[in-house]
Amino acid sequence: MKLRTGPVGARIIGLGDYRPHRIVTNDEIAQNVATSDEWIRTRVGIARRHFAGEGESLIDMAVAAGGKALAASGLAPEDIDVVIVATCTPPSPIPGVSPTVADRLGVPSPGAFDVNAACAGFCYALSCAADAIRSGSAQRVLVIGAERLTDWVDPLDRGTCILFGDGAGAAVVVGSDTPAIGPVVWGSDGSKREAIMVPSRDTLMSMDGQSVFRWATTKLAPVVRQICEQSGVELSDIDVFVPHQANLRIIDSLVRALGLHHVAVGRDIVDTGNTSSASIPLALSRMLETGEAKSGDLTLALGFGAGLTFAGQLLICP
Ligand code: UT7
């Protein structure tokens with residue numbers, strides 16, 4: 001007996017983004033800690049980031065981005081059968097945020113679950129969505145990366161408060177006759193968990209920035225090569241590179257190491273800061289909006305962060 005499965009491929013048909021209205025400049029950050037606009041721009045590449053307003057929850061942001069992705073896809077909420085939210089900053093651990101996000105969007109009784117793979121979360125969630133579609137477990141999946149990092153970052157710790165912002169990005173994924181989301185390459189190194197962590201429920205984030213920086217600039221270029229190899233494409237075939245927006249120097253170092261000078265590179269960090277699992281869909285949405293990326297472009301997404309987790313895959317731009 002042959003069991004029926006899903007289509008051979010999956011593809012993104014709509015993206016959505018949400019950046020909170022409050023823009024926080026480096027000068028504003030420098031009012032609270034010993035830093036400067038010049039130091040932050042030079043060492044990290046950030047000029048400004050967005051902070052959620054008081055009373056503006058992670059769920060509000062996820063709903064805003066998810067609604068925009070649905071509108072861009074042309075699908076109705078009732079068409080969605082699974083909702084996945086990637087986040088490491090949920091307002092509370094129980095229940096997960098995805099059932100509430102789905103309910104607020106009007107998606108009737110979907111499969112709904114959260115993914116916490118820190119800043120790699122969106123790529124993990126996208127892979128779950130594509131695999132669920134290809135196996136026949138789902139037909140149309142809404143994937144959201146949403147973070148309210150300001151809840152967990154100490155505004156007086158200059159090692160972290162300069163980096164992080166809030167926001168959400170989303171993608172609608174459906175079945176496809178041709179593969180448009182490649183296999184994920186993913187991994188982690190739990191022995192380095194202390195490099196970025198919230199040690200307990202009463203504490204805020206602590207980070208050993210230098211060791212994360214070293215890890216990212218030495219271990220991730222081979223992962224990018226592996227992503228290409230696994231999908232059967234050459235690095236030179238890539239049109240767009242959207243790495244997690246952690247530090248502009250990490251992004252530029254990856255571009256140099258991989259010789260990706262011919263490629264459009266996501267540098268949304270300048271205006272949006274580091275939004276963890278939201279950073280890749282936010283950056284890609286903006287690139288499509290500005291014309292830096294175009295529909296049909298072969299795009300390599302690469303998430304990495306606490307855990308130390310990483311995940312990446314190739315995808316065709318909607
Ligand atoms: O998505 C989550 C993943 N996280 C990351 O990817 C973070 C990766 N790491 C980084 O982005 C960088 O390590 C940081 C931006 C966090 C720090 O930059 P750095 O170039 O590695 O600085 P450092 O830690 O080596 O510190 C250099 C100097 C030190 O002063 P001394 O000891 O040389 O006098 C720090 O105390 O810079 C000082 N410093 C600052 N000065 C002004 C550290 N933070 C700041 C600051 N403003 N915000």
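Bear in mind that the values here come from a model prediction, so they are computed numbers and not experimental data.

What counts, and where the lines are drawn
Residues numbered from 1 in each chain as written. Predicted model: local features only at pLDDT ≥ 70, side-chain atom pairs only at ≥ 80, totals over all residues. Heavy atoms only, no water. Helix = DSSP H or I, 4+ residues; strand = E, 2+ residues; numbered from the N terminus. Rg over C-alpha atoms; globule rule 2.2 N^0.38 Å. Buried < 20%, exposed > 50% of the residue type's maximum accessible area, 1.4 Å probe, protein only. Contact = heavy atoms within 4.5 Å. Areas by Shrake-Rupley, 256 points an atom, 1.4 Å probe, with all protein chains shown as cover. Lys, Arg positive; Asp, Glu negative; His and termini not counted. Charge placed at Lys NZ, Arg CZ, Asp CG, Glu CD. Salt bridge = Lys/Arg side-chain N within 4 Å of Asp/Glu carboxyl O. Domains from an automatic or database assignment. Buried area = accessible area lost by both parts, 1.4 Å probe. Polar contact = N/O pair within 3.5 Å; in protein donor to acceptor, adjacent residues only side chain to side chain. Axes fitted to C-alpha atoms, helices over the stretch in contact; angles between N-to-C directions. Parallel < 35°, antiparallel > 145°, perpendicular 65-115°, else oblique. Left-handed = near helix turned anticlockwise from the far one by under 90°. Nonpolar A, V, L, I, M, F, W, Y, C, P; charged D, E, K, R; others polar. Pairing = 2+ DSSP bridges. Right-handed = clockwise from strand over helix to strand, strands pointing away. Near = heavy atom within 4 Å.

### Concerning the overall build of the protein chain
Of regular secondary structure, the protein chain possesses 9 helices and 14 strands. Taken over C-alpha atoms, the radius of gyration comes to 18 Å for the protein chain, in line with the 20 Å a tight globule of 318 residues would show. Taken over 318 residues, the protein chain has a buried fraction of 53%. If you take every contact in the protein chain between residues at least 6 apart in sequence, the share linking residues at least 24 apart comes to 77%. With an accessible surface of roughly 13,400 Å², the protein chain has 51% of that area assigned to carbon and sulfur atoms. If the 26 positive side-chain charges of the protein chain are averaged to one point and the 34 negative ones to another, these points end up 4 Å apart.

### Examining the pattern of salt bridges
What the rule picks out here adds up to 13 salt bridges. In this structure, the salt-bridge partner of Arg104 is Asp60, at a minimum N-O distance of 3.1 Å. Here Arg104 is found in helix 4 (residues 98-105), whereas its partner Asp60 is found in helix 3 (residues 58-73), with 44 residues between them in sequence. With relative accessibility at 26%, the residue Asp60 sits in the partly exposed group. Asp131 is the partner of Arg134 in a salt bridge, and the nearest nitrogen-oxygen pair spans 2.5 Å. Of this pair, Arg134 and Asp131 are both found in helix 5 (residues 121-135), 3 residues apart, which corresponds to roughly one turn of the helix. Looking at Asp131, the relative accessible area reads 37%, which means it is partly exposed. One network of salt bridges, with partners in common, ties together Asp17, Arg19, Lys68, Asp268 and Arg286.

### What to know about the domain arrangement of the protein chain
Taken domain by domain, the protein chain consists of domain 1 (9-176) and domain 2 (185-316). Centre-to-centre, using C-alpha coordinates, domain 1 lies 15 Å away from domain 2. Domain 1 puts 47 residues into the contact, and the matching count from domain 2 is 44 residues. A combined buried area of about 3,500 Å² lies between domain 1 and domain 2, and 62% of that area is made up of carbon and sulfur atoms. If you sort the residues of domain 1 by the area they bury against domain 2, Arg19, Cys119 and Trp152 come out on top, with a joint share of 20%. Remark: the boundary between domain 1 and domain 2 carries 2 salt bridges. In this assembly, domain 1 and domain 2 are joined by 21 residue pairs in polar contact (both at pLDDT 80 or more). Every element with two or more residues in the side of domain 1 that touches domain 2 is listed here: strand 1 (9-18), helix 2 (37-43), strand 3 (48-51), helix 5, strand 6 (140-148) and strand 7 (166-176). With 6 residues, the single largest contributor to the side of domain 1 that touches domain 2 is helix 5.

### Considering the packing of helix 3 against helix 4
Each pair of packed helices can be described by the angle between their axes along with the distance between the axes. Packing of helix 3 against helix 4 leaves a shortest axis separation of 9 Å and a crossing angle of 55°. Considering their axes alone, helix 3 and helix 4 lie oblique with respect to each other. In this structure, helix 3 crosses over helix 4, and the sense of that crossing is right-handed. On helix 4, the residues that touch Ile59, Asp60, Ala62, Val63, Gly66 and Gly67 of helix 3 are Thr100, Val101, Arg104 and Leu105. Split into classes, the residues belonging to the contact of helix 3 with helix 4 amount to 5 nonpolar, 3 polar and 2 charged.

### What to know about the pairing of strand 5 (residues 111-115)
Side-chain direction in a regular strand flips from residue to residue, so the side chains alternate between the two faces of the sheet. Of the pairings in the sheet, the one linking strand 4 (residues 82-86) to strand 5 comprises 5 bridges and is parallel in character. Bridging across to strand 5, Ala86 finds its partner in Val115. This β-α-β element, strand 4 to helix 4 to strand 5, shows right-handed connectivity.

### Let's talk about the site of the ligand
Residues in close proximity to the ligand total 21 residues, the closest being Thr35, Arg158, Gln210, Asn247 and Asn274. The separation between a nitrogen atom of the ligand and a polar side-chain atom of Thr35 is 2.7 Å. One of the side-chain nitrogen or oxygen atoms of Arg158 is found 2.9 Å away from an oxygen atom of the ligand. A total of 940 Å² of accessible area belongs to the ligand in isolation, and the protein chains cover 72% of it.

### Observations concerning helix 7 (residues 248-258)
Burial in helix 7 covers these residues: Leu248, Ile250, Ile251, Ser253, Leu254, Val255 and Leu258. In this fold, the buried residues of helix 7 make contact with helix 6 (209-231), strand 11 (240-243), strand 12 (264-265), helix 8 (269-272) and strand 13 (298-305). Directly beyond the C-terminal end of helix 7, a positive phi value near 65° is found at Gly259.

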